[in-house]
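Architecture at a glance
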Amino acid sequence: QHSRRYMNVVWRALAGALCVLAAAASTGAQERYREDAVKAAFLYRFTGYVEWPEAALSKSDFTIAVLGSGEITRELERLLPGRTIKDLPARVRRIERVRELGDAQMLYVAASRLSDIRAIVSEVGTKPVLVVTDHPRGLDAGGAVNFISLDRRVRFEISVPAAMRAQLKVGGELLSVAARVRGAPERADSSCA
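We now turn to the structure provided with this report. From a predicted model like this one, the values you see are computed outputs, not experimental measurements.

So, about the packing of aromatic side chains. Tallying each qualifying case throughout the model produces seven aromatic pairs. For the pair Trp52 and Phe62, a centre-to-centre distance of 5.0 Å together with 90° between the ring planes defines the contact as edge-to-face. Of the two residues, Trp52 sits in the loop between β1 (50-51) and β2 (62-67) while Phe62 sits in strand β2, which places them ten residues apart along the sequence. Judged by relative accessible area, which is 0%, Phe62 ranks as buried.

Right, let's talk about the sheet that holds strand β7 (residues 145-150) for a bit. Here eight strands make up an open sheet; going across it, the order is β3-β4-β2-β5-β6-β7-β8-β10 and the pairing mixed. What marks the edges here is a single partner per strand, and that holds for β3 (84-85) and β10 (180-182). Those strands touched by helix α3 (residues 70-79) are β2, β4 (88-95) and β5 (106-109), and its axis lies near 160° from that of β4. On top of the sheet, helix α4 (residues 117-124) reaches β2, β5 and β6 (130-133); it is set at about 170° to β5, its chief contact.

Below, the discussion takes up the pattern of salt bridges. One pass over the full model with this rule turns up ten salt bridges. Glu71 is the salt-bridge partner of Arg74, the closest N and O atoms lying 4.0 Å from each other. One end of the pair is Arg74 and the other is Glu71, both in helix α3 and three residues apart, which spans about a single turn. Among the residues examined, Arg74 registers a relative accessible area of 43% and is labelled partly exposed. Taking the shortest distance from any N to any O, the salt bridge between Glu157 and Arg180 comes out at 3.0 Å. Of this pair, Glu157 sits in strand β8 (residues 153-159) while Arg180 is found in strand β10, placing the two residues 23 residues apart along the sequence. Taken together, the shared-partner salt bridges in this structure form one network comprising Glu35, Lys39 and Asp134.

For Asp87, which is not glycine, the phi torsion reads 65° and is therefore positive. Residue position: Asp87 is located in the loop between β3 and β4.

With that out of the way, let us pick up the environment of Trp52. Under the relative-accessibility criterion, Trp52 is labelled buried at 7%. Measuring from C-alpha to C-alpha, the distance between Trp52 and Gln105 comes to 8.1 Å, with 53 residues separating the pair along the chain. Ignoring sequence-local partners within four residues, the contact set of Trp52 consists of Thr47, Leu57, Phe62, Lys86, Gln105, Pro128, Leu130 and Leu168. Polar side-chain contacts of Trp52 include one of 3.0 Å to the backbone oxygen of Gln105. Among the polar contacts listed, one links the side chain of Trp52 to the backbone oxygen of Pro128, at a separation of 3.3 Å.

So, how was this worked out
Residues numbered from 1 in each chain as written. Predicted model: local features only at pLDDT ≥ 70, side-chain atom pairs only at ≥ 80, totals over all residues. Heavy atoms only, no water. Phe/Tyr/Trp six-rings, centres within 6.5 Å; stacked < 30°, edge-to-face > 60°. Helix = DSSP H or I, 4+ residues; strand = E, 2+ residues; numbered from the N terminus. Buried < 20%, exposed > 50% of the residue type's maximum accessible area, 1.4 Å probe, protein only. Pairing = 2+ DSSP bridges. Contact = heavy atoms within 4.5 Å. Axes fitted to C-alpha atoms, helices over the stretch in contact; angles between N-to-C directions. Salt bridge = Lys/Arg side-chain N within 4 Å of Asp/Glu carboxyl O. Polar contact = N/O pair within 3.5 Å; in protein donor to acceptor, adjacent residues only side chain to side chain.

Below is the structure:
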């Protein structure tokens, strides 16, 4: 049943990515392209399993801000048009500094920015923003969700305390399919690894 739940979430995320998996020029480029598309699809799908405070959803749209990755921005630009998140139009905004975050509800921080992730998380503070990182030590640096690679597949891990600091509640279904969960109740702290 655990494996079935994992596959259900994964297939939903991959279904969102299929529309952006056009042929790439080389095998290496195609692998990178697929990985970026899968991560973008996961970013979109995470929103269905996380609860934001009502005030955070009183904006005119649901914004995923991207710091440090043009590739993920492009994939989200392909994926999001015409879609909604929490009944709000979904949009992506590439930013260079946290002060450009505005009222975005999610922040993706690329591996290239990990050196200043602690400062980034500190600047975000307790705003209701889901901070998603992309580095083996992303959770240690303060991310609530972090992409990792296991067996050449894109997986993710979750820090419940980091999500709680941001006033967010991560649903049990997402916790149950994470590769690792930090700070979760025993029942949800299982690993698919």
